[in-house]
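Analysis of the macromolecular model
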Amino acid sequence: QVQLVESGGGSVRPGGSLTLSCVASGRTFTSLTMSWFRQAPGKEREFVAALSWGGANTNYARRVEGRFTISRDNAKNTVSLQMNSLKPEDTATYYCAATDRNSYRNTLTADYPYWGQGTQVTVAS
């Protein structure tokens, strides 16, 4: 079983930056496709970004492309999400997710069997 633990959420003003981290355990980290999703109150959970096993391939939702960067440190079993130029509409609970499949193009929640508990990001002035 894969365990995922997120950290790094918080409150920031519009235009600011935050970095989220997710530490994985229970499986060989280099055999996991890692991703980030988010869920705002009253809305469905949506895909944010994904990263392939080796880190060479990325996939971003259009609304975050150019502002967010997903990366992984395989030596530390960690995936990060650097978020710049944050907007109030980025406010949500952010979830780390993983799958054993090398499928960084998958964007559905059903494609990822492993999930963290979530970390809150609030963007407000």
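Owing to the predicted nature of the structure, the values given are computational and were not obtained by experimental measurement. (Residues numbered from 1 in each chain as written. Predicted model: local features only at pLDDT ≥ 70, side-chain atom pairs only at ≥ 80, totals over all residues. Heavy atoms only, no water.)

Some points on unusual backbone geometry
Non-glycine residue N77 carries a positive phi angle of around 55°. On the secondary structure map, N77 appears in the loop between β7 (68–73) and β8 (78–83). Although it is not a glycine, S85 adopts a positive phi angle of roughly 50°. Among the structural elements, S85 can be located in the loop between β8 and β9 (92–99). The class of S85 is partly exposed, set by a relative accessible area of 42%. (Helix = DSSP H or I, 4+ residues; strand = E, 2+ residues; numbered from the N terminus. Buried < 20%, exposed > 50% of the residue type's maximum accessible area, 1.4 Å probe, protein only.)

Notes on the nonpolar core
Nonpolar side chains in soluble globular proteins tend to be buried together. Membership of the largest hydrophobic core comes to 37 residues, with the highest contact counts inside it found for L4, M34, W36, L81, M83 and Y94. Among the elements of the structure, β3 (18–25), β4 (33–39), β5 (46–51), β7, β8, β9 and β11 (119–123) are those that each provide at least two residues to this core. When sequence neighbours within four positions are dropped, the list of residues in contact with L4 reads C22, V23, A24, M34, C96, A97, A98, Y114, W115, G116 and Q117. (Core = buried A, V, L, I, M, F, W, Y, C linked by side-chain atoms within 4.5 Å. Contact = heavy atoms within 4.5 Å.)

Examining the packing of aromatic side chains
Considering all chains together, one arrives at four aromatic pairs under this definition. Ring centres of F37 and Y112 lie 5.4 Å apart, and the angle between their planes is 70°; on these two criteria the pair is classed as edge-to-face. One end of the pair, F37, is in strand β4; the other, Y112, is in the loop between β9 and β10 (114–115), and 75 residues separate them in sequence. Judged on exposure class, the residue F37 and its partner Y112 are both buried. The ring centre of Y95 lies 3.6 Å from the NZ or CZ of R45, which sits over that ring. Against the face of W115 rests R45, its NZ or CZ located 4.9 Å from the ring centre. (Phe/Tyr/Trp six-rings, centres within 6.5 Å; stacked < 30°, edge-to-face > 60°. Lys NZ or Arg CZ within 6 Å of the ring centre and 35° of its normal.)

Things to note about the sheet that holds strand β1 (residues 3–7)
Taken in spatial order, the four strands make up an open sheet running β1-β3-β8-β7, and their pairing is antiparallel. Each end of this open sheet is capped by a strand with a single partner; those strands are β1 and β7. With strand direction ignored, the average angle separating the axes of adjacent strands in the sheet is 15°. The pairing of β1 with β3 spans five bridges and is classified as antiparallel. Bridging across to β3, Q3 finds its partner in S25. (Pairing = 2+ DSSP bridges. Axes fitted to C-alpha atoms, helices over the stretch in contact; angles between N-to-C directions.)

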